[in-house]
Amino acid sequence: MVLKAELHSYMVFLLSRWVRALCSAMAVALYVDLLGQYANCSGSRVSGLVGVSVNQKLFGRNAIRNHKSARSLIQMSRRDPSQWIHHLNFLKRQYVMRSNNALYQRAKPKQTAILTVLEDHRDDGMDSQIRQVPTIDHVPMVTDVTPQPETTTTNMTATPVSSPVSTVAALAVLNPPSSKTVSPPQTKAVSSAAESSAAESGTEMLEVPHVQVESDEAREARLERQWKELKVDLAELPDVYAKLSKIKLTALVVWTAAAGFAMAPVPFDPATFFLASLGTGLASCTANSINQYFEVPFDSNMNRTKNRPLVRGQISPLHAVGFALVCGVPGITLLTLAVNPLTGALGALNIFLYTCCYTPLKRLSIINTWVGAVVGAIPPIMGWTAATGALDPGALLLGGFLYCWQFPHFNALSWNLREDYSRGGYRMMSVTHPGMCKRVALRHSLGLIGLSALGPVLDVTTWTFPLVSLPINLYISYLAFRFYQKGDRSSARKLFFCSLWHLPMLLLLALTCKKSRTDKEGVAKTSSLAPAPLPLSVQN
Amino acid sequence: MSGKTTGYFLRRSLCPCNLLGPLHMRRISANASRPCSSSEPTKQGNSVKRSQFIPAAESKHDWVGPPHRLSNLRPIIYHIPENETELEKQLRTLRQETEDWNHAFWTNQNITFNKEKDAFVLSQLKEKGLTERDEKGRKRALNSEEMAVFYKHFLDENCIRHANYNKDWYRRNFTITLLMGRVAFHSVWRTLAERRGWKKGGPTT
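Model, not experiment: these values are computed from the prediction.

## What about the overall build of chain B?
Turning to step 1, where the next piece is worked out: Regarding its fold elements, chain B presents 7 helices and 2 strands.
Turning to step 2, where the next piece is worked out: Relative to its 205 residues, chain B shows a buried fraction of 46%.
Turning to step 3, where the next piece is worked out: Here the analysis covers contacts within chain B between residues at least 6 apart in sequence; of these, 64% occur between residues at least 24 apart.
Turning to step 4, where the next piece is worked out: When the accessible surface of chain B is summed, it comes to about 11100 Å², and 61% of that surface belongs to carbon and sulfur atoms.

This is the structure in structure tokens:
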């Protein structure tokens, strides 16, 4: 009997260690995967890691476009690992976008942000051969599986710009009146609009002597091919749902919740762990779907988000809301009934904060960043409360880590996206209060050091944790300080990229430095040993 | 640099008509007076937006097209079923109208943004004494810190307009989704009722 109990507890102990190791491995894998995504955008700069091969499958149509670069990259990665470091530097050149709450999605393709690229090159003192575009050209990149027309600019070496410049070139062609017999009303209307916008933009009309021009008819035909029937394609539905729920971000949120669960000082319960993770994942899917449902016209106008399912019309808004309900109701119910009501309440609160506070506030006030930081901090708290059932200081400490981390992460990211935010009408600190943006990032980076020191104080970690985490915390604070001082694109980029590996590393270190329960129980036993036997003896 | 740019915006706010052409001034005053939609840009938007594309006659679904060059929104051609109910017609007209309204707003937004940005760049270059194009014929651009002043100004200038658009957009989105829910519910009810009627009619014949 006793042996069985001991064996059982040993198995659970092993399982908990294994789960911790698995969390770490998942984190690394996800991280490599996300980094690899940055390679999967059409830029001439070939960069990325092993994750590119995974992403080729995931990205589907995008991969066709980036086929050459991805393939050459995989070959290179197989050949010589030392070249990865070299390519990593190129990662820094790419824009990285933020998907609403926290983390890292695919990079913004360079060719569609021609003006900002120009600024970038000016900063870096590099030559650019890209012409400035009078209007913004967000021509679809992935709706058409057929390869981009051959008329595109092979001479432009900076980036493989295709549709934007060809459209721009088409504008140039429209200036002389077209004498073609086939002149549908749209061409005329488009040409009048183009000419009016061209006239208004005055001297910026095109000089693109080296670009082959796409004929009107070819362009018309290409645009006509891109019309799609709005019906639900069952084969595409899993992919649509994955994009709708921002599955990678959801996975990271679940991972932080799992880390919170693993850090809790209670016996590891695999069933509760699984249910809590599932419930958190479903809640995150709901929040992300509702967010995309609210933001359709804004998403259409930003490069990073213009391929979302609702923007592309792959499903209807009602379908998206239905999906959100199907995920949210069971998710929260699961958390409330099968885990505990506190976790369920936190999950519901997080969904509310994200969809009804953060999403509208993004366009109204800069306070959205603080709300977003709270939204990011809640999942580890949920993990902890799922394990313990109570809102301990340890839970708040873990939430605090996520909260503080958000600021250097997001402020650095948004620093390089100021044009897009301004045009889209998003009120972010980086645009409206640049000084505050830098100060807040620095302040919270330093706060991370303080919070790490609280780890042993609150009995969450051993005393080694503040020491072991000091190097990475100092490094991110140093980068935040440089960002505060210089406030330019390269320092923002450095800080952002540091934050990407800093958080997983910090949580991993916390997991490995977790205060083992035997230590704590030993302490508890000695303190409670005196009073405990007395009632027993009294009863006896 | 900041002094020059502040001066630029001060001058613009005091007398916007001096710096830019009459076209732009009309647009500014139009923006100020009418935050969201009006008939004029909608008409223009319609003529620009409506593509030549005609879906196949036997298609029973809506069709969604590529993003429009100016507004980046995708046009939708709505399918009109033969026995369209009143509710469905209401939904379709509301969706179409919202689409046009959205298109007008974003076209205006993008065009205005780009024009104001170019004007800003031009004025800054002039104050620096630089020509618009450098020796190689490429357009000069300002660095990101200089542009940041413009981005901030653009956001502040359009704060109320954006807030109004937000409110309207959320309201329309909710209404459309609720209507879609009602239409879906009614069509399911109708299908079930027809099937029940068929079942009842079946055994007797």
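## A word on the overall build of chain A
Turning to step 1, where the next piece is worked out: Of regular secondary structure, chain A possesses 25 helices and 3 strands.
Turning to step 2, where the next piece is worked out: Split into buried and exposed, the 540 residues of chain A put 58% on the buried side.
Turning to step 3, where the next piece is worked out: Here the analysis covers contacts within chain A between residues at least 6 apart in sequence; of these, 75% occur between residues at least 24 apart.
Turning to step 4, where the next piece is worked out: Working note: accessible area of chain A is about 21900 Å², and carbon and sulfur atoms make up 67% of it.

## Remarks on the nonpolar core
Note on soluble globular proteins: their nonpolar side chains tend to be buried together.
Turning to step 1, where the next piece is worked out: In terms of nonpolar packing, the biggest core is built from 103 residues, with A:Phe401 and A:Tyr421 touching the most fellow members.
Turning to step 2, where the next piece is worked out: Setting aside chain neighbours within four positions, we find A:Tyr421 in contact with A:Met302, A:Phe410, A:Ser414, A:Tyr426, A:Met428, A:Val431 and B:Leu155.

## Quick word on the layout of surface pockets
Turning to step 1, where the next piece is worked out: Estimated volume of the largest pocket: approximately 1200 Å³.
Turning to step 2, where the next piece is worked out: Surrounding the largest pocket, 47 residues form its lining, A:Leu230, B:Asp62, B:Tyr78, B:Arg95 and B:Met180 being those nearest its centre.
Turning to step 3, where the next piece is worked out: At the level of secondary structure, the elements contributing two or more residues to the lining of the largest pocket comprise α13 (296-300), α14 (309-312) and α15 (317-339) of chain A together with β1 (62-64), α5 (86-128) and α7 (159-204) of chain B.
Turning to step 4, where the next piece is worked out: Among the elements that make up the lining of the largest pocket, the one with the highest residue count is α5(B) (8 residues).
Turning to step 5, where the next piece is worked out: Tallied by class, residues from the lining of the largest pocket come to 22 nonpolar, 14 polar and 11 charged.

## Section: a nonpolar patch on the surface
Residue and element names in this part refer to chain A.
Turning to step 1, where the next piece is worked out: Taken together, the side chains of Leu454, Val457 and Leu458 present a nonpolar region at the surface, about 240 Å² in accessible area.
Turning to step 2, where the next piece is worked out: With respect to the helices, strands and loops of the structure, leucine 454 is situated in helix α21 (residues 434-457).
Turning to step 3, where the next piece is worked out: Given the relative accessible area of 34%, leucine 454 is considered partly exposed.

## Considerations on the packing of helix α22 (residues 464-486) of chain A against helix α23 (residues 489-512) of chain A
Residue and element names in this part refer to chain A.
Turning to step 1, where the next piece is worked out: Where α22 contacts α23, the two axes come as close as 10 Å, and the packing angle between them is 165°. One element, α22, and the other, α23, form an angle in the roughly antiparallel class. The two elements α22 and α23 meet at a crossing, and its hand is left-handed. Residues Phe465, Val468, Ser469, Ile472, Asn473, Tyr475, Ile476, Leu479, Ala480, Arg482, Phe483 and Lys486 of α22 form the contact with α23, whose own contacting residues are Ser491, Ala492, Lys494, Leu495, Cys498, Ser499, Trp501, His502, Met505, Leu506, Leu509 and Ala510.

## Focus: the UniProt feature "transmembrane region" (unreviewed entry) in chain A
All names here are of chain A.
Turning to step 1, where the next piece is worked out: Here, UniProt's "transmembrane region" (unreviewed entry) annotation points to residues 18-36, 249-268, 342-361, 464-483 and 495-512.
Turning to step 2, where the next piece is worked out: The distance from the first to the last C-alpha atom of residues 249-268 is 25 Å, and the span holds 75% helix and 0% strand.
Turning to step 3, where the next piece is worked out: Between the end C-alpha atoms of residues 342-361 the distance is 26 Å, and the span holds 100% helix and 0% strand.

## Focus on the sheet that holds strand β3 (residues 228-230) of chain A
Turning to step 1, where the next piece is worked out: Pairing in this open sheet of 3 strands is antiparallel, and the strands run β3(A)-β1(B)-β2(B) from one edge to the other. Sheet topology places β3 of chain A together with β2 (76-77) of chain B at the edges, where each strand pairs with a single neighbour.

## Here's the deal with the packing of aromatic side chains
Turning to step 1, where the next piece is worked out: The tally for this structure, following the rule as stated, stands at 29 aromatic pairs over all chains.
Turning to step 2, where the next piece is worked out: Between A:Tyr421 and A:Tyr426, the ring centres sit 5.9 Å apart and the planes meet at 75°, which makes this aromatic pair edge-to-face. The residues A:Tyr421 and A:Tyr426 share a single accessibility class, namely buried.
Turning to step 3, where the next piece is worked out: For the ring pair B:Phe113 and B:Phe154, a centre distance of 4.8 Å and an interplane angle of 85° mean the geometry is edge-to-face. Taken together, the residues B:Phe113 in helix α5 and B:Phe154 in helix α6 (residues 144-157) connect sequence positions 41 residues apart.
Turning to step 4, where the next piece is worked out: Here the basic side chain of A:Arg363 rests over the ring of A:Tyr426, its NZ or CZ set 5.5 Å away from the ring centre.
Turning to step 5, where the next piece is worked out: Positioned above the aromatic ring of B:Trp101 is the side chain of B:Arg172, whose terminal nitrogen or guanidinium carbon lies 4.3 Å from the ring centre.

## Overview of the packing of α21(A) against α22(A)
All names here are of chain A.
Turning to step 1, where the next piece is worked out: Orientation of α21 relative to α22, taken along the N-to-C sense of each, is 175°, at an axis distance of 8 Å. By the angle between their axes, α21 is roughly antiparallel relative to α22. For the pair α21 and α22, contact is made by Lys438, Arg439, Ala441, Leu442, Ser445, Leu446, Leu448, Ile449, Ser452, Ala453 and Pro456 and by Phe465, Pro466, Ser469, Leu470, Asn473, Leu474, Ile476, Ser477, Ala480, Phe481, Phe483 and Tyr484, respectively.
Turning to step 2, where the next piece is worked out: In terms of residue class, the contact of α21 with α22 is made up of 16 nonpolar, 5 polar and 2 charged.

## Focus: a positive patch on the surface
All names here are of chain B.
Turning to step 1, where the next piece is worked out: Together, Arg195, Arg196, Lys199 and Lys200 make up a region of like positive charge exposed at the surface.
Turning to step 2, where the next piece is worked out: Turning to its location among the elements, lysine 199 is positioned in helix α7.
Turning to step 3, where the next piece is worked out: Judged by its relative accessible area of 58%, lysine 199 falls in the exposed class.

## Observations concerning the environment of B:Pro66
Turning to step 1, where the next piece is worked out: Here B:Pro66 is to be found in the loop between β1 and β2.
Turning to step 2, where the next piece is worked out: Once the C-alpha coordinates of B:Pro66 and B:Ile76 are considered, the two residues, 10 residues apart in sequence, prove to be 9.3 Å apart.

## Overview of the confidence of the model for chain A
Residue and element names in this part refer to chain A.
Turning to step 1, where the next piece is worked out: For chain A, per-residue confidence averages 71 on the pLDDT scale, and 57% of positions sit at 70 or higher.
Turning to step 2, where the next piece is worked out: A low-confidence stretch, residues 38-70 stays under pLDDT 50, and its non-local contacts, those more than four residues away or across chains, total 90 contacts.
Turning to step 3, where the next piece is worked out: For residues 84-206, every residue scores under 50 in pLDDT, and the model assigns this stretch 306 contacts once sequence neighbours within four places are set aside.

## Considerations on helix α18 (residues 393-415) of chain A
Residues and elements named next belong to chain A.
Turning to step 1, where the next piece is worked out: Helix length check: α18, at 23 residues, gives a terminal C-alpha distance of 33 Å against a target of 33 Å (1.5 Å per residue), a fit within 8%.
Turning to step 2, where the next piece is worked out: Along α18, the largest kink reaches about 25° and is centred on glutamine 406; proline proline 408 follows within four residues of it.
Turning to step 3, where the next piece is worked out: In terms of burial, α18 is a largely internal element, 20 of the 23 residues being buried.

## Some words on the environment of A:Phe407
Residue and element names in this part refer to chain A.
Turning to step 1, where the next piece is worked out: Assignment of secondary structure puts phenylalanine 407 in helix α18.
Turning to step 2, where the next piece is worked out: Placed 92 residues apart in sequence, phenylalanine 407 and serine 499 show a C-alpha to C-alpha distance of 9.6 Å.
Turning to step 3, where the next piece is worked out: Excluding its chain neighbours within four sequence positions, the residues that come into contact with phenylalanine 407 are Thr369, Trp370, Ala373, Ala412, Val440, Ala441 and His444.

## A word on unusual backbone geometry
Turning to step 1, where the next piece is worked out: In this structure, A:Lys246 is a non-glycine residue whose phi angle is positive, near 50°.
Turning to step 2, where the next piece is worked out: Residue A:Lys246 is classed as buried on the basis of its relative accessible area, which comes to 6%.

## Details of the confidence of the model for chain B
Residue and element names in this part refer to chain B.
Turning to step 1, where the next piece is worked out: The predicted model of chain B has a mean per-residue pLDDT of 75, with 72% of residues at 70 or higher.
Turning to step 2, where the next piece is worked out: Here helix α2 (residues 16-19) is the element of chain B with the lowest mean pLDDT, 39, and α5 is the one with the highest, 90.
Turning to step 3, where the next piece is worked out: Across residues 15-49, where pLDDT falls below 50, the model places 42 contacts with residues more than four positions away in sequence or in other chains.

## As for the pattern of salt bridges
Turning to step 1, where the next piece is worked out: What the rule picks out here adds up to 14 salt bridges over all chains.
Turning to step 2, where the next piece is worked out: When the shortest N-O distance is used, the salt bridge between B:Glu88 and B:Arg190 registers 3.8 Å. Of the two residues, B:Glu88 sits in helix α5 while B:Arg190 sits in helix α7, which places them 102 residues apart along the sequence.
Turning to step 3, where the next piece is worked out: Among the ionic pairs, B:Lys152 bridges to B:Asp156, the shortest N-O distance being 3.4 Å. Note that B:Lys152 and B:Asp156 are positioned in helix α6 at a spacing of 4 residues, about one turn of the helix.
Turning to step 4, where the next piece is worked out: Using a relative accessible area of 36% as the deciding quantity, one classes B:Asp156 as partly exposed.
Turning to step 5, where the next piece is worked out: Salt bridges here are not isolated pairs; linked through shared partners, they connect A:Arg427, B:Lys152 and B:Asp156.

What counts as what
- Residues numbered from 1 in each chain as written.
- Chains lettered and ligands numbered in written order.
- Predicted model: local features only at pLDDT ≥ 70, side-chain atom pairs only at ≥ 80, totals over all residues.
- Heavy atoms only, no water.
- Helix = DSSP H or I, 4+ residues; strand = E, 2+ residues; numbered from the N terminus.
- Buried < 20%, exposed > 50% of the residue type's maximum accessible area, 1.4 Å probe, protein only.
- Contact = heavy atoms within 4.5 Å.
- Areas by Shrake-Rupley, 256 points an atom, 1.4 Å probe, with all protein chains shown as cover.
- Core = buried A, V, L, I, M, F, W, Y, C linked by side-chain atoms within 4.5 Å.
- 1 Å grid on protein atoms, 1.4 Å probe; cavity = no way out; pocket = protein on both sides within 12 Å on 5 of 7 lines; lining within 4 Å.
- Points joined across faces, edges and corners; volume = space filled by probe spheres on them.
- Nonpolar A, V, L, I, M, F, W, Y, C, P; charged D, E, K, R; others polar.
- Patch = residues over 30% accessible without salt bridge, like charges linked within 9 Å, V, L, I, M, F, W, Y side chains within 5 Å.
- Salt bridge = Lys/Arg side-chain N within 4 Å of Asp/Glu carboxyl O.
- Axes fitted to C-alpha atoms, helices over the stretch in contact; angles between N-to-C directions.
- Parallel < 35°, antiparallel > 145°, perpendicular 65-115°, else oblique.
- Left-handed = near helix turned anticlockwise from the far one by under 90°.
- UniProt positions renumbered as here; feature names shortened; annotations may be inferred.
- Pairing = 2+ DSSP bridges.
- Phe/Tyr/Trp six-rings, centres within 6.5 Å; stacked < 30°, edge-to-face > 60°.
- Lys NZ or Arg CZ within 6 Å of the ring centre and 35° of its normal.
- Lys, Arg positive; Asp, Glu negative; His and termini not counted.
- Charge placed at Lys NZ, Arg CZ, Asp CG, Glu CD.
- pLDDT = per-residue confidence, 0-100.
- Expected span 1.5 Å × (residues − 1).
- Bend = angle between axes of the 7 residues up to and from the residue.

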